[in-house]
Structure formats: C-alpha cells, structure tokens
Amino acid sequence: MRQLRLQQGKTQAELTGPGMSAAYLSRLESGARFPTQRAVDYLAERLGIPVEIFAERTEDDLVDVVATLASRSDGERDAETRDLLVDALARATDVDPTTRWQALALLAQLHASRGEFLEECEVLETLDVLSRELARPALQVYTRQRVARCARNRGDVELARRAVREALELGERHRVRVPAADLLRSRLLLVSAETELGNVAEATRIVLDILDALPAERGALTAEAYWTAATVSTRQGDSEEARRYLDKAIDALDSREDITLWMRLRLGAASLCLQSLPPRLERAQALLTAVEPVLDFAGPPRHRQEFLFLQAQLAFQSGDSDRAAAFVAEAEEGLQLLTYRDRIRFRTLQEMLAARAGDLHAVARLNELAAEVQRTQMLELAAEVWRAAAECAVETLSPTA
C-alpha cells in the first residue's frame, strides 16, 4: 500500500476521506490491520489502479522500490521512504545480488542524507562484503569511497584515509572507468582526511595538484575544490589565502545549478569565517542570512542543524551569550545530524557557555573532551578544544570574571 502510494507521490492525507480515516490507513500501511475488501476497493479507486495490483508481489517488490526511490530528490527522501526500502530488503530473500547491491547503496544514501551516520556505516559494511563477493572492482571502488566519507563524518579519520586510498588504488590497479568527478571527489576526501590528521603539508600538495588540473572555471567540482583548499589554508593559519579560495568557491556555483551544494558552500564558508584569525563575523552573518530563506525547502535536515549551530557560534563570538545559549538549546534536539567534528565543537561551545555562566566544572569537562578527541588522532580538533579549556580557565581565574 505504502509503496503504491509513494510511487504516485501522494500523502496519506490525500487518500483519506469519507470512506477511510487517517488512523485506519496508517494501521493498514504499518501492517497492524488487515484490509477488508471494502478498504481495498476504496484505495484502488483513490489511486486509480486495478484491485489486482494489491496482490503480493515479493519478487518484484524490491526492484520496484529501488526504481521508485532512485528517481527522487534528496528533499523527497524522508524517513518513510527509508522504512519502505528497509521493509522491501527484509522481504526480498531471493533476489539478484546486483539488485540487492543497488538497494543497499540507496539505503546508505538515505541514511547519509538524514545524518544517520551509524546506520549508514552498518549498511556500508554489508555493501562492502557484497561488493567483494560480486568481484566487481567498480562496485568495490564506489563502496570504499562511501565508507571513507561515512567514517570521516563519524570521526574515524584514520579509516577514512585508509578507505579512500584503497578506492584510488583499486581504481588504478583494475583500470576502473570511474567518472572524473568521482575521482576528483575521492582525492578531495583524501585531502580532508590528511588535514584532519595533521598532515597539512601532504594535504596542501594534493590540493594544489587538484587545482592545477581543474576541468573548468565554474561548476560543482570547481567549487568543492576551492572550498577544500580554503579549509587547508585555514588550518595553516593563512586567513588571506583562505579568503581568496572561499570567494572563488562561492563564485563558481549558482544556486540554480545545485541548490544543496550552494547551501553547503555557504554554511562551510561561514564556519571557516568564524575559525579565521581574527574571525570574520560580518561575512559569516551575511552568508547565514543568504542561506536562511531556503533552509526549509532545500537540502537535508542536517543543514538546519548546522545553521543553528553556526548562529550560536556567531552570537558567542559577538559577545551575546544569551542568544548563543538560545540557539544551542534549539540545535541540541538534532545534534545527531551533525558530523563528529561539529558535535565536538557543539559540546565545546556548550561548556564555554557554562563556564561563562559560572560553572566551575566546565573547564574539567573541556579537558576530558580534548583528551577524548586526541585519542581519535584528530590533533587539530583536539588542540581547538584544549585552547577553549585554557581560555575558560583564564576567564575563571580573572579578577573581573
């Protein structure tokens, strides 16, 4: 029932009426109630389909679901479509392995778009095993790329670096015909991992090679490359170079070309502006103001959480602790949508606000957090938390505090 409804792009509310309540339809779709013949006739009429289509079709079910969901945009891939795919996978006990691979790859994408990084990694583990069983190098390359991205989002940067290196080596060894865009994004992911692990010189070497070989002056790939270069320059403390790269990244992409990436670029640029020395507060505010009107109808839910967190950081750095605390409280409900790096920064900001409010234990908690991050080998992020702990300690000891 749910699959047929979603294939037509209809909501539950559009199928209810005098002949069926919303509560009853919900119970039918969840399997809690078995439909009467009257209900079947009613729903078939509302959907404009023959009654026979409701017959059990387990062999074709997974194929239909994959085909239906693959054509949907990120904004349309919600929890309901994720659950639909999970159900179809569970029922498909005897299905072509390639179809199962496609379904798992799509499910991993659905988890990623919703910020469900733990669930995404679990699916990718199964996908990785299946890719090896199929002995298809192209599928193995794709899977290792996805494993790398998910690992980075979860904070396992060493695994991210290892997985993306394996993907690049597999592609070269088997001469896999990987799209140029995928190859470039893999190298950018390697730059990100090397930067997080403190290997800034190696990250700089790779990103400069990428910039020299960019296929065009505009477009999504060019924007991502300059954005990555700006991140590396920020880690090096070169604010002027970072600013130059950021401007190029933003100028390289129009919102009509890729609205989701357009938003990511501005959120990422605002974050880098807040990290620069000195912070570029006015520029960060301008970038966030540009993004705010499209948050509710474009991009995945985690974009709103990133926006709220950045607003909190901006308010804190502007000296408005009350406004920062309000944004932190609002963003906390969706904390799981943020990447590991942003969750650590979020917790750091929480403790800095607590310290500013007079919590004498906040510095100790920051020290514990810094030690936790250091164990992940994300040394630059750990140093950021150590600095925050030191600043809070100085404020606590200050006679004017």
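As the structure is a prediction and not an experimental result, all values here were calculated from the model. (Residues numbered from 1 in each chain as written. Predicted model: local features only at pLDDT ≥ 70, side-chain atom pairs only at ≥ 80, totals over all residues. Heavy atoms only, no water.)

Caption draft 1: Structural detail: the layout of surface pockets. Here the largest pocket defines a volume of roughly 1,800 Å³. Lining the largest pocket are 49 residues; nearest its centre among them are Arg 149, Arg 152, Trp 227, Arg 264 and Arg 302. Sorting the residues of the lining of the largest pocket by element identifies helix H7 (97-113), helix H8 (117-134), helix H9 (137-154), helix H11 (180-196), helix H13 (220-236), helix H15 (259-275), helix H17 (302-317) and helix H19 (340-356) as the ones contributing at least two each. The greatest single-element share of the lining of the largest pocket, amounting to 9 residues, is contributed by H11. Here the residues of the lining of the largest pocket are counted per class, giving 16 nonpolar, 15 polar and 18 charged. (1 Å grid on protein atoms, 1.4 Å probe; cavity = no way out; pocket = protein on both sides within 12 Å on 5 of 7 lines; lining within 4 Å. Points joined across faces, edges and corners; volume = space filled by probe spheres on them. Helix = DSSP H or I, 4+ residues; strand = E, 2+ residues; numbered from the N terminus. Nonpolar A, V, L, I, M, F, W, Y, C, P; charged D, E, K, R; others polar.)

Caption draft 2: Summary view of the packing of aromatic side chains. Summed over the entire model, instances satisfying the criterion amount to 3 aromatic pairs. With a centroid separation of 5.7 Å and 55° between ring planes, the pair formed by Phe 309 and Phe 346 is classed as tilted. Separated by 37 residues along the polypeptide, Phe 309 in helix H17 and Phe 346 in helix H19 bring together distant segments of the chain. The exposure classification of Phe 309 matches that of Phe 346, with both residues buried. (Phe/Tyr/Trp six-rings, centres within 6.5 Å; stacked < 30°, edge-to-face > 60°. Buried < 20%, exposed > 50% of the residue type's maximum accessible area, 1.4 Å probe, protein only.)

Caption draft 3: A look at the state of the cysteines. In this structure the tally under the stated criterion is 1 disulfide. Across the disulfide from Cys 121 sits Cys 150; the S-S distance is 2.4 Å. Between Cys 121 and Cys 150, the S-S dihedral sits near -120°, and the bridge is therefore left-handed. A residue pair is termed long-range when its members are at least 10 positions apart, and Cys 121 in helix H8 and Cys 150 in helix H9 qualify at 29 residues. The exposure class of Cys 150 is buried, given its relative accessible area of 0%. (Disulfide = S-S within 2.5 Å.)

Caption draft 4: Main features of empty space enclosed by the protein. Considering all chains together, one arrives at 1 cavity of 30 Å³ or more under this definition. If you add up the space inside the largest cavity, you get close to 50 Å³. Thr 234, Ser 239, Ala 242, Arg 243, Leu 246, Leu 272, Cys 273, Ser 276 and Arg 280 are the residues that line the largest cavity. Mapped onto the lining of the largest cavity, the elements with two or more residues apiece are helix H14 (239-251) and H15. Tallied by class, the residues present in the lining of the largest cavity amount to 4 nonpolar, 3 polar and 2 charged.

Caption draft 5: Summary view of helix H18 (residues 321-332). The end-to-end C-alpha distance of H18 is 16 Å, a good match for the 16 Å that 12 residues give at a rise of 1.5 Å each. Among the residues of H18, those classed as buried are Ser 321, Ala 324, Phe 327, Val 328 and Ala 331. Seen along its axis, H18 keeps its buried residues to an arc of 125°; they face one direction. Residues of H18 that are buried sit in contact with H17 and H19. (Expected span 1.5 Å × (residues − 1). Arc of directions from axis to C-beta. Contact = heavy atoms within 4.5 Å.)

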